[in-house]
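The residues making up each chain are set out below.
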Number of protein chains: 2
Amino acid sequence: MRALLLVSHGSRRQQSNEEVNQLCERLVEEMGKSFEVIHSAFLEIASPSIPEGIKQCIEEGASSVTVLPYFLAAGRHVAEDIPSIVTDAIEKHPGVSISITRHIGVSEGMPQLISSVIKEG
Amino acid sequence: MRALLLVSHGSRRQQSNEEVNQLCERLVEEMGKSFEVIHSAFLEIASPSIPEGIKQCIEEGASSVTVLPYFLAAGRHVAEDIPSIVTDAIEKHPGVSISITRHIGVSEGMPQLISSVIKEG
């Protein structure tokens, strides 16, 4: 069973974290065929943490967990902090395939998305 | 003349800021018909600041500046800090139409973009 973990920074504003959780629900519609389990986790401030999120996916039966850094630019969080946490998780869960994708800011579709935000107003 | 100012957080890693500047260059290709001037600016840490970026657009002849918060979730920066800076700029440049769009995280195309990042690997 494959899981996707959408990792964002986490905010003190609960509404901001809620926004990411809602995006996760939309992802279930978009990617439900590719991932049976889709959750969100937070690097800082909010819960669940990344280790907690990975653990939750595994407890729900995931044999693979794809960690997607929901970040726009490769600052320290993307370059160092998240890979380090994922490396620890890989050591902790040897029977599970845990991988990390590039952050979403590098997507080739980003200019188009920006264009659509301006059109949406 | 219309200008677009892509506002991101700013990072201590110069590579991260450079990534946003490169995105701006791709935006020129995507949106060159809608905006004659496209620049990036940073809320914190990196240069130019948002007021500097707006000033630069105006000095290059912009009669309207669209500020686009390149942020994924509506934390304090999106909800308070950037609108406050833009409000100050509006007062400072009465002859220029300065507006702000929603942040990109709310775009309806985001689930698809996430899907494409996973496919890109």
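Treat the numbers as computed from the prediction; the structure is a model and nothing was measured.

We now examine the nonpolar core. The nonpolar side chains of soluble globular proteins are, as a tendency, buried together. By size, the foremost hydrophobic cluster in this structure holds 42 residues, and its most contacted members are Ile-104, Met-110 and Ile-114 of chain A together with Ile-104, Met-110 and Ile-114 of chain B. Looking at this core, the elements with two or more residues in it are strand S1 (2-8), helix H1 (14-31), strand S2 (37-42) and helix H4 (110-120) of chain A together with strand S1 (2-8), helix H1 (14-31), strand S2 (37-42) and helix H4 (110-120) of chain B. Setting aside anything within four residues of it in sequence, one finds Ile-104 of chain B in contact with Leu-72, Met-110, Leu-113, Ile-114 and Val-117 of chain A together with Leu-68, Pro-69, Tyr-70, Phe-71, Leu-72 and Met-110 of chain B.

For the pair H4 of chain A and H1 of chain B, the least separation of the axes is 9 Å and the interaxial angle reads 65°. For the pair H4 of chain A and H1 of chain B, the sense of crossing is right-handed. Facing H4 of chain A, whose interface residues are Met-110, Pro-111, Gln-112, Ile-114, Ser-115 and Ile-118 of chain A, H1 of chain B presents Leu-23, Arg-26, Leu-27, Glu-30 and Met-31 of chain B.

All right, on to the sheet that holds S1 of chain A then. All names here are of chain A. Spatially, the four strands line up as an open sheet ordered S2-S1-S3-S4, and their pairing is parallel. The sheet is open, and its two borders are formed by S2 and strand S4 (97-100), each paired with just one other strand. Across this sheet, the average inter-strand angle for adjacent strands is 20°, counted without regard to direction. Bridge count between S1 and strand S3 (residues 64-69): six bridges; the pairing is parallel.

Quick notes on the rules
- Residues numbered from 1 in each chain as written.
- Chains lettered and ligands numbered in written order.
- Predicted model: local features only at pLDDT ≥ 70, side-chain atom pairs only at ≥ 80, totals over all residues.
- Heavy atoms only, no water.
- Core = buried A, V, L, I, M, F, W, Y, C linked by side-chain atoms within 4.5 Å.
- Buried < 20%, exposed > 50% of the residue type's maximum accessible area, 1.4 Å probe, protein only.
- Helix = DSSP H or I, 4+ residues; strand = E, 2+ residues; numbered from the N terminus.
- Contact = heavy atoms within 4.5 Å.
- Axes fitted to C-alpha atoms, helices over the stretch in contact; angles between N-to-C directions.
- Left-handed = near helix turned anticlockwise from the far one by under 90°.
- Pairing = 2+ DSSP bridges.

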